[in-house]
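Structural description and commentary
Residues per chain, in single letters:
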Amino acid sequence: MGSWWGSATRAGLVRGYALAPTRRVAVVSGALGLALAAGSVAATGPWEGGKRVAERDRSRVSELLDGAGGVVRVRPRPVPAPSWLAPQAVLAPAVVAATVAGTGSTDAAAPTAKGLAAALGSALSTPVLGQFTASVVDAATGRTLYAKGQDTAQAPASTNKIATSVAALSLLGPEHRFTTRVVSTAPGRIVLVGGGDPSLTAAATHGADPRASLATLADRTAAALRATGVSTVRLGYDISLFGGPAQTPAANVGDNIALVQALTVDEGRTDPGSTENAPRYSDPAANAAAQFAALLVKRGITVQQGTASRTTVSAAVKAAAPLAQVQSQPLSELVEQMLTESDNDYAEDLGHQAAIATGRPATFAGGAAAVTQTLTRLGVPLGSTHLVDASGLSSQDGIPAAVLTRLLLLASSSAHPELRSVVTGLPIAGYTGTLADRFDGDGSSSGLGLVRAKTGSLSTVNALAGLVMDRDGRLLAFSFMSNASGDVTAARNALDRLAGRVAVCGCR
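Residues numbered from 1 in each chain as written. Predicted model: local features only at pLDDT ≥ 70, side-chain atom pairs only at ≥ 80, totals over all residues. Heavy atoms only, no water.

By the naming in an unreviewed UniProt entry, the protein goes by D-alanyl-D-alanine carboxypeptidase/D-alanyl-D-alanine-endopeptidase and is assigned to Streptacidiphilus jeojiensis.

This next bit is on the pattern of salt bridges. Summed over the entire model, instances satisfying the criterion amount to seven salt bridges. The partner of Asp138 in a salt bridge is Arg474, with the nearest N and O atoms 3.1 Å apart. Of this pair, Asp138 sits in strand S7 (residues 131-138) while Arg474 sits in the loop between strand S17 (461-469) and strand S18 (475-483), and the two are 336 residues apart along the sequence. With relative accessibility at 2%, the residue Asp138 sits in the buried group. Judged by its relative accessible area of 3%, Arg474 is buried. (Salt bridge = Lys/Arg side-chain N within 4 Å of Asp/Glu carboxyl O. Helix = DSSP H or I, 4+ residues; strand = E, 2+ residues; numbered from the N terminus. Buried < 20%, exposed > 50% of the residue type's maximum accessible area, 1.4 Å probe, protein only.)

If you walk through the whole model with that rule in mind, you get one disulfide. Covalently, Cys505 is tied to Cys507 through a disulfide, its sulfur atoms 1.7 Å apart. Taken as a pair, Cys505 and Cys507 share a single burial class, namely buried. (Disulfide = S-S within 2.5 Å.)

With respect to the helices and strands, the residue Asn344 is situated in helix H11 (residues 344-357). The exposure class assigned to Asn344 is buried, which follows from its relative accessible area of 8%. Polar side-chain contacts of Asn344 include one of 2.8 Å to the side chain of Lys161. Those residues within four positions of Asn344 in sequence are excluded, and the remaining contacts are Ser158, Lys161, Asn256, Ile257, Ser391 and Leu393. (Polar contact = N/O pair within 3.5 Å; in protein donor to acceptor, adjacent residues only side chain to side chain. Contact = heavy atoms within 4.5 Å.)

As a further point, take unusual backbone geometry. The omega angle of the peptide bond from Gly244 to Pro245 is 0 degrees, so this bond is cis rather than trans. Mapped onto the elements, Pro245 comes out in the loop between strand S12 (232-238) and helix H8 (284-298). For Gln305, which is not glycine, the phi dihedral falls at a positive 65 degrees. Here Gln305 shows up in strand S13 (residues 302-310). Since its relative accessible area comes to 67%, Gln305 is described here as exposed.

Grouped together as the largest cluster of nonpolar side chains are 43 residues, with contacts concentrated most on Val166, Leu375 and Leu407. Looking at this core, the elements that each hand over two or more residues are helix H6 (160-172), helix H10 (331-341), H11, helix H12 (364-377), helix H13 (401-411), helix H14 (420-424), S17 and S18. The element that contributes the greatest number of residues to this core is H13, accounting for eight residues. Not counting residues within four places of it along the chain, the set of residues in contact with Leu375 comprises Ala163, Val166, Ala167, Val380, Leu382 and Leu407. Among the nonpolar cores identified, the runner-up in size contains 38 residues, and Ile239, Val253, Val265 and Ala288 belong to it. (Core = buried A, V, L, I, M, F, W, Y, C linked by side-chain atoms within 4.5 Å.)

The next point concerns empty space enclosed by the protein. Using the criterion set out here, one finds three cavities of 30 Å³ or more in the structure. Quantified by volume, the second largest cavity comes out at close to 70 Å³. Surrounding the second largest cavity, Pro198, Ile257, Ala258, Leu259, Val260, Gln261, Thr264, Glu267, Asp345 and Asp349 form its lining. Looking at the lining of the second largest cavity residue by residue, the class counts come to five nonpolar, two polar and three charged. (1 Å grid on protein atoms, 1.4 Å probe; cavity = no way out; pocket = protein on both sides within 12 Å on 5 of 7 lines; lining within 4 Å. Points joined across faces, edges and corners; volume = space filled by probe spheres on them. Nonpolar A, V, L, I, M, F, W, Y, C, P; charged D, E, K, R; others polar.)

Glancing now at the sheet that holds S12. What the five strands build is an open sheet, ordered S13-S12-S11-S10-S14; its pairing is mixed. Each edge of the open sheet is held by one strand with a lone partner, namely S13 and strand S14 (324-327). Shown here is a sheet whose adjacent strand axes are inclined to one another by a mean of 20 degrees, direction ignored. Strand direction decides the pairing type here: S12 and S13, joined by five bridges, are parallel. Paired with Tyr237 across the strands is Arg310, a residue of S13. Seen against the sheet, helix H7 (residues 214-227) touches strand S10 (179-186), strand S11 (189-193), S12 and S14 and runs at an angle of roughly 160 degrees to S14. (Pairing = 2+ DSSP bridges. Axes fitted to C-alpha atoms, helices over the stretch in contact; angles between N-to-C directions.)

This part covers the sheet that holds S7. If you walk across this open sheet you meet the five strands as S8-S7-S18-S17-S16, and the pairing is antiparallel. One side of each edge strand has no neighbouring strand; the edge strands of this open sheet are strand S8 (144-148) and strand S16 (452-458). When strand polarity is set aside, the average angle formed by the axes of neighbouring strands in this sheet is 5 degrees. Here S7 runs beside S18; their pairing, made up of eight bridges, is antiparallel. Across the sheet, residue Phe132 finds its bridge partner in S18, namely Ser482.

Helix length check: H6 (13 residues) gives 18 Å between terminal C-alpha atoms against 18 Å at 1.5 Å per residue, within 8%. Judged by how many residues are buried, H6 sits mostly within the fold: ten of 13 residues are covered. Buried residues of H6: Asn160, Lys161, Ile162, Ala163, Thr164, Ser165, Val166, Ala167, Ala168 and Leu169, and no others. (Expected span 1.5 Å × (residues − 1).)

In this section: the packing of H7 against H8. Look at H7 against H8: their axes get within 9 Å of each other, and the N-to-C directions meet at 50 degrees. One finds that H7 runs oblique with respect to H8. Helix-helix and strand crossings are classified by hand; for H7 and H8 the assignment is right-handed. Taken together, the residues of H8 that come into contact with H7 (itself represented by Leu214, Ala215, Leu217, Ala218, Thr221 and Ala222) are Ala288, Gln291, Phe292, Leu295 and Leu296. Here the residues of the contact of H7 with H8 sort into nine nonpolar, two polar and no charged. (Parallel < 35°, antiparallel > 145°, perpendicular 65-115°, else oblique. Left-handed = near helix turned anticlockwise from the far one by under 90°.)

A few words on the packing of H11 against H12. Packed helices, taken two at a time, are described by the angle their axes make and the gap between the axes. The contact between H11 and H12 brings their axes to 7 Å, and the two run at 70 degrees. In terms of orientation, H11 lies roughly perpendicular with respect to H12. Together, Glu348, Gly351, His352, Ala354 and Ala355 of H11 and Phe364, Gly366, Gly367 and Ala370 of H12 make up the contact between the two elements. Here the contact of H11 with H12 is built from residues that sort into four nonpolar, four polar and one charged.

Now the structure itself:
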């Protein structure tokens, strides 16, 4: 590979060595790969039906120049690992031997504030960052290595999803599943009850642990009806699990999110195969019910009037044994996909579910209150944090940089294995999700494959918060936040450069 950093090319673009598959990067960078990449690889590939097919393909095949100038194609090997790993498997191998006393360390590899400041250098002073705040913390000691306005709340954009993930996992547990069921309310009368599963799809699914599918639910419902001699039904649908309003409090969101209802398939998209932002149905729940009715008809069940009517089922009926049901993948996997793809629909559904878990109304306000209450219970000093949603779409959200780093430390702590999917779900620079096409500019390519971070982008907002191992194998949590930037693209590149410098810093 040549130098320690090596080189790579893709479509004629020379980039850093980290375009190699994550496991190969781990071998080169030593403790780094052991710390983060093992869980990373498992998180990069489960989303065959996800929104970013091109990014998936890119993560499968990277092109590396060999010493003779030829091209070597390297495919990552499948990793038969669980969706979230025990903390020892993710973090323990990366912690270099250290003697920690109080807030200090006698470890020679311990980073220092002076060393980090020197590494960041001129990248901190670029005016394109606008209103800039930052926090960088040594995970081994909890010491703050760099801070700039770290206690001042800034619009977090989608880094808000880190807070939502921590709260939802803490309240519900990583193995929790959301259930969509069909119940019988009277002879010949059935109701499709929404369970707030953001991943529900209308398509048939396959695999050992597939996404919940309306097609599968229709199969099971038709079989159960035929077993009792019923071939004609009246169909209703119940979305009372979530309260209103269903419209996000954020302004000018366009096609970024559907109405948040307890029954939605394919995230309410009019084209289930569409990627990124896409047109949504005006009433996703009614559309889901109509698709379910059509699926029943295809299976020989006559649906009177050919459609479904909205209704509300009593709690007692919901609690009874369902006629049929399907369950989502574990919450840990939903969190991984939400963070990797920055999925707003998933985030708001999880916010509503968090509200339910704390006994609040399942609304945007209820979700925001549930998140802040849960983080406080976990010991996170929220300071000036104020939230109005769970996705970060609203510019009225505010989170200090220090809160984001504290959440990342919490998620990577051996004391909280239930939060591990927050770590494994973070996009990998140059590889997956919202970081797949980043870290390719001057001064940022050093972070390729090394930085794992959640992105956040609004019209005048950019944020990047994540985890990285420095050159000495030290785990650092960082959050860089830029508000009121006049050039969003330039500000985004500036944040990438900062994270790249943290990745290669010995910081001593």
